[in-house]
Every structure is written in structure tokens, then in C-alpha cells.
Amino acid sequence: MHIDYTKHRLDNGLDVLVHEDHGCPIVAVSVWYHVGSKNEQPGRTGFAHLFEHLMFEGSEHHDRGYFQPLQEAGGTLNGSTNTDRTNYWEVVPRNALDLALWMESDRMGYLLPALTDHKFGNQREVVLNERRQNYENRPYGLAGMAIVSALYPPDHPYHWLTIGAADDIKAAKLDDVRTFFQTYYRPRNASLALAGDVATADALRLAEDYFGGIESGDPPPPVVFAMPPSPAAERRLLFEDRVELPRLYMAWHSPALFEADDAALDLVAEVLAGGKTSRLYRTLVYEERIATELAASQNSRELGGSFQVVATAAPGRTLAELEQAIAREVARLAEEGPTAQEMERCLAQAEAHFVYRLQTVGGFGGKSDQLNAYNVFLGDPGYFDRDLDRYRTATIGDVQRAAEQWLRPDARLLLSVVPRGRAALALPQSEPVAVS
């Protein structure tokens, strides 16, 4: 599995990646900015995500909505923000490539002249409404905030979610977000990938024509934070929410993206909860019927990761039963490791995931997106094969050791989310926590 590409850096520091795929007359344009919520400060959270919204509101030479011209040309487009990066993409017919590049370059270089108080206030309200819909008013929606605020100290950039604190968003000023844009939305902090029905020479020429004249900007300040030490003892939290069924969250600190044991813990999560033949699903849902749904994941991020297991109790069953059953399976995996059949299944799933990302040239997870991911986080767009090798070379012993080292009972955070007024359904000795 390999993506052929050409990498070129413009004089202003913008990385340009080109992948030719002439199977369909379409071209994907993907722009990654190496900025996310980890680049924010306490009291000034939510800026990265707010700017994702503002980038679709028009720029100096196209001071109108961003979607209509590209959709009228037959394109699709979107963007997203997480802790470590913000990305924007378009997939357009070949004859609309100039349009997509012109619009992307205009908002990279000339957004601020078109940024008004009205646009800023409007999108701030949109973000606050998104926060209400996806977090405050969604069942279990605030659990993630409770977990990250407990895993990381207040000054750590992973202490808050990407959506930001409501009070911070309300208090944000136009000058604050202007400064944020000037610091991080610069060519030297960005990576442009073009993939599809375009010749490499033409793609590089177009990138130079549209982006070459944008000022590079100063290097953004680095974010240097050590991962906090794992807790010396288990911690139990309780959150009352508008839910029907209690849910248990288990969380541990884990390795950062691409670090040792990152891939092994992906495989641990697959063994535990990847599909209906996984250990936890088979035991908790099918055999004992004490859970209605469950999941496990290694959440890899640039400064450090977290491993989570989530299980919702079946009617009439308790979180204590869930905790005991999950702990038993985690301990067995840490002691015995996975079976050869489980490793074979996990590797097949990993390979299928990699193949799936090769099916499209653009969008979330397509080839242009993957080239940018490797370039931004590793400086090497051609890391695809070596990334897959992290899974192919993992052994039963690697998975067993990773589970034993990282998923210790004394290093875990347990969050019980229970219906309001029914705190007794939480695990014993759980401390109430307030999040909003």
C-alpha cells in the first residue's frame, strides 16, 4: 500500500503535495493548518473551532458564502477541527480546480479584511448553538468534558475539548481571533495536498500562482507540554445527566500519536470491543447481558493519548457489574495476551481500514487527507507503508505488554454517568463532578 506523491515547498513555507490519480476527472484539494485546540490558552478556548466556521464566511475578494460557488461547479467541501489540526477540503471536477485553489488561497491570505463584527457575532452564536446541541443537551454529551478535565491539569492544552468553554466563547473579542488567525493561519504553518486528475507540473504551477504571493508569517509558538504522570491511585467520578440508563467510562493515559505502543493499544481496543466477536461484546452483551452497548478506543493525539472503554448498563443491571466484568477481561488480556485468531482478525481490520482510506482522493480520510496528516505530524507524506507496518509487525507479546503497562487498575479514571437524582447508581466512592 503506497501513495505516490511529489513534495515541494514554496518560498513562503507552504508545503505542496501532489498525487496523480487519473481514474476519474476529479481533483481533491486539502489544506491542513497545524493548529487546534491545544494551541489555545485557559480562558481563551474554542478559538480554533470558531475560526473553522469563520473561514466559510467569505474573504476579501469573495466576500460571500463559501459553499455556493463550489457546489454550483459540482464540488463537495467541508472542514473540521480537533486538538491538533484544522483542515479544509474540496473535491471538484477537474475544470473547477482553479476556482477551488483561488478560494482557498483568498481565505488563507485575505480573510481578515472581510471579517466583520456581524460575521464574528453570527458565527459565535452558531458555535454556541452547536455546543448546546452536541454537548449540553445531548445524553452523555458532557462526559468527555468531565474525563479530559480530570485526566489533565487546568493549564494543560488537553484539559478542554475542541468546542471550548461557553464562557470563553461568549467573552471572545474580534481582536482576539484576528491575532489567532495571524499567528496560525499562515503558509509556513500549512500543508496543501492536491490529489486526482491533475499533472504534477500543472499542480505545482497552480499552487505557486495562487499561494506563492501570500506572506509566510512568523513561526507560531511551540506547544511543549509533558504528559502528566499517571495517577498513583484509581479515581472515581460521578456525573448526573438527563439519561435513562447508567453508563460507565474507563480512561487511562496512553502514548501519543505514532509513539511506541500506540498501534499496540489500537489492537488492544480491537480485541476488547471491535465487533460482535470481541471479548467485551461477547461477554457483556451476548452472554451475561449486562450491557446494551460498548466501545473501546486508543485516542492518539500529538502530545499524548488516552485509552477509553465505554459501556452502557442494560436495564436492571449495575455499573458495578460492568466494572467487574470489564476489569476481568482487561486483566486477562494483560496476563495472557490475545489469541492467534484474535491477532489475525485485528490485522485484517487494520488492513481494511488502510485500504478504505485509499478508495477516494479527497474528503475526510481520503488520499489527500492522509498525505497531509503524515506531512503535518511527521514531516513525511510517504509514511503510509510504515504506518501499516506498525500493525503488521505487532506480536501477541506486544499487545499483551501494552495492556499490562498502560491499563493498570491503579492508573484508571472511572466516570459513572447516571440519571439525575439517582446518584446511588454510580460506582461506590465516586466523587460528584460539575461540568457545563
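Conventions adopted
Residues numbered from 1 in each chain as written. Predicted model: local features only at pLDDT ≥ 70, side-chain atom pairs only at ≥ 80, totals over all residues. Heavy atoms only, no water. Pairing = 2+ DSSP bridges. Helix = DSSP H or I, 4+ residues; strand = E, 2+ residues; numbered from the N terminus. Axes fitted to C-alpha atoms, helices over the stretch in contact; angles between N-to-C directions. Parallel < 35°, antiparallel > 145°, perpendicular 65-115°, else oblique. Left-handed = near helix turned anticlockwise from the far one by under 90°. Contact = heavy atoms within 4.5 Å. Nonpolar A, V, L, I, M, F, W, Y, C, P; charged D, E, K, R; others polar. Core = buried A, V, L, I, M, F, W, Y, C linked by side-chain atoms within 4.5 Å. Buried < 20%, exposed > 50% of the residue type's maximum accessible area, 1.4 Å probe, protein only.

Peer 1: What is the right way to look at the sheet that holds strand E2 (residues 15-20) in this model?
Peer 2: Strand pairing in a sheet takes place through backbone hydrogen bonds and is either antiparallel or parallel in direction. The six strands are arranged E1-E2-E6-E3-E5-E4 in an open sheet whose pairing can be described as mixed. Each edge of the open sheet carries a strand with a single partner, namely strand E1 (6-9) and strand E4 (76-81). Between one strand axis and the next, the sheet turns through 15 degrees on average, direction left out of account. As judged from the six bridges shared by E4 and strand E5 (residues 86-93), these two strands associate in the antiparallel manner.

Peer 1: I keep staring at the packing of helix H9 (residues 262-273) against helix H11 (residues 319-336) and nothing clicks. Help me out?
Peer 2: Put simply, H9 and H11 touch, their axes get as near as 11 Å, and they point 130 degrees apart. Taken together, H9 and H11 sit at an angle that is classed as oblique. In the crossing of H9 with H11, the sense of the turn from one axis to the other is right-handed. Together, Val268, Val271 and Leu272 of H9 and Glu329, Val330 and Leu333 of H11 make up the contact between the two elements. Across the contact of H9 with H11, the residue classes break down as five nonpolar, no polar and one charged.

Peer 1: I tried to follow the nonpolar core on my own but got confused; where do I start?
Peer 2: Looking at soluble globular proteins, one finds that nonpolar side chains tend to be buried together. Membership of the largest hydrophobic core comes to 73 residues, with the highest contact counts inside it found for Tyr33, Phe51, Tyr185, Leu192 and Leu415. For this core, the element with the highest residue contribution is helix H5 (residues 143-151), accounting for six residues. Met250, Leu267, Leu272 and Ala291 belong to the second largest nonpolar core, which has 55 residues in total.

Peer 1: Is there a simple way to explain the environment of Pro231 in this structure?
Peer 2: Counting through the fold element by element, Pro231 comes out in the loop between helix H8 (200-211) and strand E7 (235-241). It is 8.6 Å that separates the C-alpha atoms of Pro231 and Leu413, two residues lying 182 residues apart in sequence. Ignoring anything within four residues of it in the chain, the contact list for Pro231 reads His253, Asp410 and Ala411.

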